Amino acid sequence: MTESVPDTPPDDGPVTQPVAPTRLTVLAGPTAVGKGSVSADIRAGHPEVWISVSATTRAPRPGEQHGVHYWFVSDREFDRMVEDGALLEWAVVHGAARYGTPRAPVDRALAAGRPALLEIDLQGARQVHAAMPDALMVFLAPPTWEELVRRLVGRGTEGEEERERRLATARLELAAEEEFDVTVVNAEIHAAAEELVALMIGRPGPDHPA
Ligand code: 5GP
């Protein structure tokens, strides 16, 4: 583990008595389906849910904070985390930067009995499924392919070539839905976030009555 990526979640809180480990939930889905928006909505409204902060070698975008949105690390630091076995999963996303889930904070959150969420790409989701077969695998799907394309193009943060590459990736990623335990359709961010939390902590949601 590197100095810049502490192995203790900052918001862990003291554990006063033994609790049953909770189940890990993995949220994956195609590019631009809104995984980040859904997890941000959960972060804002559900402090009881622990959300993993990934390490990445990509540069921060404006407004992104080290340790909040990602741990922004150098290639060398990422190499060291891989060598140390400090990552639960990692992948090169969109043929560009590397992204990975620091393992120790996940273990700690689960041991503390907190519902824990990973928002990662499909390659990472497959690795977690192999390593932790009990993890609940949730696929976030767009309402339609046209809507996904609109979101992908509308975001406007990537150039033409990068957009095409992401679209090609999205086609492959959509086909992976059948590998997952459950699908949540992201027609509206807050509703999708609430549905996901209901799945995670067993509360009844609109599509999952008690
Ligand atoms: P962005 O650079 O737009 O924040 O994220 C690009 C992609 O990387 C998203 O699909 C996101 O789900 C994925 N990603 C973020 N963190 C991780 C991680 O820790 N592991 C993996 N495998 N993918 C991640």
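Cut-offs and rules
Residues numbered from 1 in each chain as written. Predicted model: local features only at pLDDT ≥ 70, side-chain atom pairs only at ≥ 80, totals over all residues. Heavy atoms only, no water. Helix = DSSP H or I, 4+ residues; strand = E, 2+ residues; numbered from the N terminus. Axes fitted to C-alpha atoms, helices over the stretch in contact; angles between N-to-C directions. Parallel < 35°, antiparallel > 145°, perpendicular 65-115°, else oblique. Left-handed = near helix turned anticlockwise from the far one by under 90°. Contact = heavy atoms within 4.5 Å. Nonpolar A, V, L, I, M, F, W, Y, C, P; charged D, E, K, R; others polar. Salt bridge = Lys/Arg side-chain N within 4 Å of Asp/Glu carboxyl O. Phe/Tyr/Trp six-rings, centres within 6.5 Å; stacked < 30°, edge-to-face > 60°. Lys NZ or Arg CZ within 6 Å of the ring centre and 35° of its normal. Near = heavy atom within 4 Å. Polar contact = N/O pair within 3.5 Å; in protein donor to acceptor, adjacent residues only side chain to side chain. Areas by Shrake-Rupley, 256 points an atom, 1.4 Å probe, with all protein chains shown as cover.

(A) Structural context of the environment of Gly-36. On the secondary structure map, Gly-36 appears in helix α1 (residues 35–45). Put simply, Gly-36 and Ile-120 are 84 residues apart on the chain and 9.3 Å apart in space, counted from C-alpha to C-alpha.

(B) Layout of the packing of α1 against helix α7 (residues 189–201). With their axes 9 Å apart at the nearest point, α1 and α7 run at an angle of 70° to one another. With respect to α7, the axis of α1 lies roughly perpendicular. Relative to α7, α1 is oriented so that their crossing is right-handed. Along the contact surface, α1 presents Ser-37, Val-38, Asp-41 and Ile-42, while α7 presents Ile-189, His-190, Ala-192, Ala-193, Leu-196 and Val-197. Tallied by class, the residues present in the contact of α1 with α7 amount to seven nonpolar, two polar and one charged.

(C) Structural view of unusual backbone geometry. One non-glycine residue, Ala-32, lies in positive phi territory at about 70°. Looking at the element boundaries, Ala-32 is found in the loop between β1 (24–28) and α1.

(D) Fine view of the pattern of salt bridges. Using the criterion set out here, one finds six salt bridges in the structure. Bridged by salt links that share partners, the residues Asp-75, Asp-79 and Arg-98 form one connected network.

(E) Representation of the packing of aromatic side chains. Applying the stated criterion across every chain yields a total of four aromatic pairs. Following the ring pairs from residue to residue traces out a cluster consisting of Tyr-70, Phe-72 and Tyr-99. Here the basic side chain of Arg-98 rests over the ring of Trp-90, its NZ or CZ set 5.9 Å away from the ring centre.

(F) Structural context of the site of the ligand. In the vicinity of the ligand lie 15 residues, with Ser-54, Arg-58, Tyr-70, Tyr-99 and Asp-121 positioned nearest. Lys-35 places a polar side-chain atom, nitrogen or oxygen, 3.2 Å from an oxygen atom of the ligand. One of the side-chain N or O atoms of Thr-101 is found 3.4 Å from an oxygen atom in the ligand. Burial of the ligand by the protein amounts to 92% of the accessible area it has alone, namely 510 Å². Broken down by element, the residue count for the shell around the ligand peaks at three residues, all from strand β6 (residues 98–102). Split by residue class, the shell around the ligand holds five nonpolar, four polar and six charged.

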